[in-house]
Amino acid sequence: MEIGNITTVTAFVLLGLSNNPQIQAILFVLFLVIYLLTLTENLLMLLVIRADSHLHTPMYFFLSHLSFLGAFYSSVFVPKLLENLLSKSKTIALLECFTQISLVIFSGATEACLLSVMAYDRFQAVCHPLLYMVAMNRKVCVGLVGVSWAIGMGASLANTLLLAQQHFCGPNLISSFVCELPPVLLLACSDSYISNVAILITTVVLGFGTLALLLGSYTHIIMTAMGINSTSGRSKIFSTCSSHVLVVIIFYGSGMFRYMTPASGSVLEQVLSLQYSVVTPLLNPLIYSLENQEVKAALKRVLARKSRLTF
C-alpha cells in the first residue's frame, strides 16, 4: 500500500520450513498429530488434576496452570503453521502478526514465572516441610499465579506497543514459520533501537531473574538433600524435583538462546523456535507424568470412575 510517496506494508510473507510440496504435506501431517497430542495431553492433565482430590495440592495447582499455558502456547503457533503448509500465499496480516508476537511474549514470560514459582514451591516442601501448608496456603498460591500472569501481560503489552510504533515499508519476507519479534524488527524501516533494547531487557530481567530464583531454590534443596542420612530420602527428593528440572532446562535452553542472539533467519533459529513452540508443550505433560506415581494413580482412578459411570 502506498500513502503519498511512502510504501506501507500491510502483510508479511512467512517463508516457512520448506517450499517442497511433498515435504510440506509430510510436515502438515506431522505437526497436526503433534498439535492434537499436545492438546490431548495438556487438557487431560488439567482434567485429572481437577477431578482427583488427591492432586488438590499447591504443586498440582501450579502444574494445572502450566498445562493450560502449554495448550494455549501451542495454539498460538501451530494453527497458522498448518494453514501455511497448505496455502500457496503464506501471508499473515500485520495485525495478526503483531497479535501472534504479543501472545508469544505473554506465554513465554508467564511460563518463566510459573516455573520459578514451582521451584519455590519445591523449596518450601523440601526445606520447610512442617510449615509447608502454612507457607503455601490457597491465598499465597493464587497470588503467585496471579502475579505470574500479570507479569506476562505486562511484558507482552510493553513490547507490543513499542513494536506498533515501527514503520514497515518493505521488504516483507520473514525467514520463519511464525511471527516472532527479532526477525520482524529486522524488517522495520524506522529506528528499532528502543524495541531491541526493550526485548533485551525483558529477556534479561525475566529470563535471568527467574533463573536466579530457580537456582536459589534448587541450591537450598540440594543442600537439604545432602544433609539427609537416608539414601531413600535423598532419592525421593531428587525424583520429585527431576521432572521440573528437565522442563526448566528445555525451556531456558531454547527460549533464552533464541531471544538473546541476533536474528539471522538461520536453520538453527527455526529449530529453536520449533523446540519451544511445538515440542516443549508436547513434552511437558509427558515429563511430569511418566515418572510421577501420583499422576498415574490419579489417572487410573479417574478412568475407573468414568468406566463405572458408563456401565
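Procedures and definitions
Residues numbered from 1 in each chain as written. Predicted model: local features only at pLDDT ≥ 70, side-chain atom pairs only at ≥ 80, totals over all residues. Heavy atoms only, no water. UniProt positions renumbered as here; feature names shortened; annotations may be inferred. Pairing = 2+ DSSP bridges. Helix = DSSP H or I, 4+ residues; strand = E, 2+ residues; numbered from the N terminus. Contact = heavy atoms within 4.5 Å. Axes fitted to C-alpha atoms, helices over the stretch in contact; angles between N-to-C directions. Disulfide = S-S within 2.5 Å. Buried < 20%, exposed > 50% of the residue type's maximum accessible area, 1.4 Å probe, protein only. Polar contact = N/O pair within 3.5 Å; in protein donor to acceptor, adjacent residues only side chain to side chain. Expected span 1.5 Å × (residues − 1).

- Going by what an unreviewed UniProt entry lists, the chain is known as Olfactory receptor and is assigned to Phyllostomus discolor.
- Under the UniProt heading Sequence similarities (unreviewed entry), the note attached to the chain is "Belongs to the G-protein coupled receptor 1 family."
- UniProt, in its Function (unreviewed entry) section for the chain, records the words "Putative odorant or sperm cell receptor."

## As for the sheet that holds strand β5 (residues 173-174)
Turning to step 1, where the next piece is worked out: Pairing is mixed across the open sheet formed by three strands, whose spatial order is β4-β3-β5. This sheet does not close on itself; its edge strands, each paired only once, are β4 (91-93) and β5.
Turning to step 2, where the next piece is worked out: Here strand β3 (residues 11-14) runs beside β5; their pairing, made up of two bridges, is parallel. Bridging from a neighbouring strand, V13 pairs with L173 of β5.
Turning to step 3, where the next piece is worked out: Against the sheet, helix α3 (residues 94-127) makes contact with β3, β4 and β5, and its axis sits at roughly 85 degrees relative to β4, the strand it touches most.

## Remarks on the state of the cysteines
Turning to step 1, where the next piece is worked out: Inspection of the entire model under this criterion finds two disulfides.
Turning to step 2, where the next piece is worked out: For C97, the disulfide goes to C179, at an S-S distance of 2.0 Å. The chirality of the disulfide connecting C97 with C179 is left-handed, given an S-S dihedral of about -115 degrees. Placement of C97 in helix α3 and of C179 in the loop between β5 and α6 (181-185) is noted, with a sequence separation of 82 residues between them. The exposure classification of C97 matches that of C179, with both residues buried.
Turning to step 3, where the next piece is worked out: The disulfide bridge from C169 ends at C189, spanning 1.9 Å between sulfur atoms.

## Focus: the side chain of Q24
Turning to step 1, where the next piece is worked out: Within the fold, Q24 resides in helix α1 (residues 21-51).
Turning to step 2, where the next piece is worked out: Of note is the side chain of Q24, whose polar atom sits 2.6 Å from the backbone oxygen of S18.
Turning to step 3, where the next piece is worked out: Aside from chain neighbours lying at most four places away, what touches Q24 is S18, N19, L85 and K90.

## Describing α1
Turning to step 1, where the next piece is worked out: If you check α1, its first and last C-alpha atoms are 44 Å apart, about what 31 residues at 1.5 Å a residue would give, namely 45 Å.
Turning to step 2, where the next piece is worked out: What α1 keeps buried is the set Q24, L27, F31, I34, Y35, T38, E41, N42, M45, V48 and I49.
Turning to step 3, where the next piece is worked out: Regarding α1, its N-cap is N20, as a side-chain oxygen of that residue lies 2.9 Å from the backbone nitrogen of Q22 further along.

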